[in-house]
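# Descriptive structure summary
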Amino acid sequence: MRSRWSTPAPIDRPTVSFELFPPRNPDAAPKLWATIEALSAARPDFVSVTYGASGKTRDTTRGLVRRLLRETSLNPIAHLTCVGTSRDEVTAVVEEFLDEGVRSFLALRGDPPVDDPDWHPHPQGLSTAAELVELLREIEARRCSTSPAQQVRATVRPLSIAVAAFPRGNAGTGSTRAQDVAALLAKQHAGADFAITQVFYEASAYLELVAEARRAGVTIPIIPGIIPATDPARLLRVEGLTGVPVPRDLLALLGSVDDDVERHRVGIRASVDLVNGVLDGGAPGVHIYTFNTHHAALDLLEGAHLGGGGPTAPDQASEPQVTAPQTDHSPRG
């Protein structure tokens, strides 16, 4: 297979991006920043920073994004959810991010709290991710209309909005892929620039989603979201959180290996096959869910000839805080 990476990187190379989540406590910050430094060597096009269910990590997300902007050359995309929050509260959060210099968002509806049976949507809130995209565009337009300086900044660094896509439909809400494609089209009409998919494990899931979306009129790029399949316990936790089943033959393959280093290599080989399958099918790049570790992500890039490091030892398991993109509920208007 022809190498997709050379030095300097070709302009038309597939995009590479990573997802990070804010550290749960200050003691985890040094490890996270060691991971960020390692991932930076792959020269990612962007890194996304999760927001947590119902915006629970608002302050830590904002702090991590702020530090990425000030101390690195990375382009951070701030996750943003709207479920259970008033329009005014969402507007205030967006203004905070924009004032910090954030120019990219991943607009998600988000998940209602699972431990509150009496939960109801906010009566003055947003009900869909498409409405959140519209609000982001409205806020940006208002800021530009009232400030020539903001207008210049917006011209130099246009606001970029990503949204979620679901290769097999949203298992968490019971929506079908056709319903989610319709929702993706609505998000495009609202002003979304590109989409990042939820996890999947067969290239066909992604390729069929793209084909159906294109037939429906979706033209924005759809980036596949990939989990390095090196840790079967983590994959099962993600299955429980997302409702996306892990192929049992993949779990059996990983479970057949007793040595951690060999299991890591087997998982990377399987993930490389997945990445090659979507790239050969026309994917614009890959978005890797890192779980705040770097070895598997970089080994996956190396195996797929997208950069990264040489063969490394597997990471210590790290509990995911949020698997992304977060659930975006259907129907959406």
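Heads up: these notes are all about the structure in this document. Fair warning: this is a prediction, and the values are worked out from it, not measured in the lab.

A positive phi angle, close to 55°, is found at Phe-291, a residue other than glycine. As for its placement among the helices and strands, Phe-291 is situated in the loop between strand S9 (285–289) and helix H11 (295–303). In this structure, Asn-292 takes a positive phi of about 60° despite not being glycine. Tracing the chain through its elements places Asn-292 in the loop between S9 and H11.

Our focus in this paragraph is the side chain of Asp-180. Looking at where Asp-180 falls in the secondary structure, it is placed in helix H6 (residues 177–190). For Asp-180, the side chain forms a polar contact with the side chain of Ser-175, separated by 2.8 Å.

A complete count under the given rule lists 3 aromatic pairs for this structure. Where Phe-46 meets Phe-194, the ring centres are 5.8 Å apart and the plane angle is 50°; that geometry is what we call tilted. Within this pair, whereas Phe-46 is found in strand S2 (residues 46–49), its partner Phe-194 is found in strand S6 (residues 194–197), the two being separated by 148 residues in sequence. Of the two residues, Phe-46 and Phe-194, both sit in the buried class. When the centroid spacing of 5.8 Å and the interplanar angle of 80° are considered together, the rings of Phe-97 and Phe-105 count as edge-to-face. One exposure class covers both Phe-97 and Phe-105, and it is buried. In this arrangement the basic side chain of Arg-67 is found over the ring face of Trp-33, its NZ or CZ atom lying 3.9 Å from the centre.

We now examine the pattern of salt bridges. Applying the stated criterion to the full structure yields 18 salt bridges. Glu-100 serves as the salt-bridge partner of Arg-66, at 3.1 Å between the closest nitrogen and oxygen. In this pair, Arg-66 is assigned in helix H2 (residues 58–71) and Glu-100 in helix H3 (residues 87–100), connecting sequence segments 34 residues apart. Under the relative-accessibility criterion, Glu-100 is labelled partly exposed at 21%. Between Glu-208 and Arg-177 there is a salt bridge, with the nearest N and O atoms lying 3.5 Å from each other. Within this pair, whereas Glu-208 is found in helix H7 (residues 203–216), its partner Arg-177 is found in helix H6, the two being separated by 31 residues in sequence. Given a relative accessible area of 35%, Glu-208 falls into the partly exposed group. Its relative accessible area of 18% is what places Arg-177 among the buried residues.

The rules behind each value
- Throughout, a residue's number is its position along its own chain's written sequence, starting from 1.
- Only residues with pLDDT of at least 70 are given local features in this predicted model, and only at 80 or more are side-chain atom pairs given and counted; all residues enter the totals for whole chains, interfaces and linings.
- Water and hydrogen atoms were dropped before computing side-chain values, which therefore reflect all heavy atoms in the structure.
- Under the DSSP-based scheme used, a helix requires at least four consecutive residues in state H or I and a strand at least two consecutive residues in state E, with every element numbered from the N terminus.
- Between N or O atoms, a polar contact is any pair within 3.5 Å; within protein, one atom must be a potential hydrogen donor and the other a potential acceptor, and residues adjacent in sequence are included only when both atoms are from side chains.
- Side-chain rings of Phe, Tyr and Trp, where Trp is taken by its six-membered ring, are said to pair if the distance between their centres is within 6.5 Å; with planes under 30 degrees apart they count as stacked, over 60 as edge-to-face, and otherwise as tilted.
- Relative accessibility decides the category of a residue: with a 1.4 Å probe and only protein chains considered, values under 20% of the type maximum give buried, values over 50% give exposed, and everything between is partly exposed.
- Two conditions define a charge sitting above a ring: the NZ of Lys or the CZ of Arg must be within 6 Å of the ring centre, and it must be within 35 degrees of the ring normal.
- When a carboxyl oxygen of Asp or Glu lies within 4 Å of a side-chain nitrogen of Lys or Arg, that pair is called a salt bridge.

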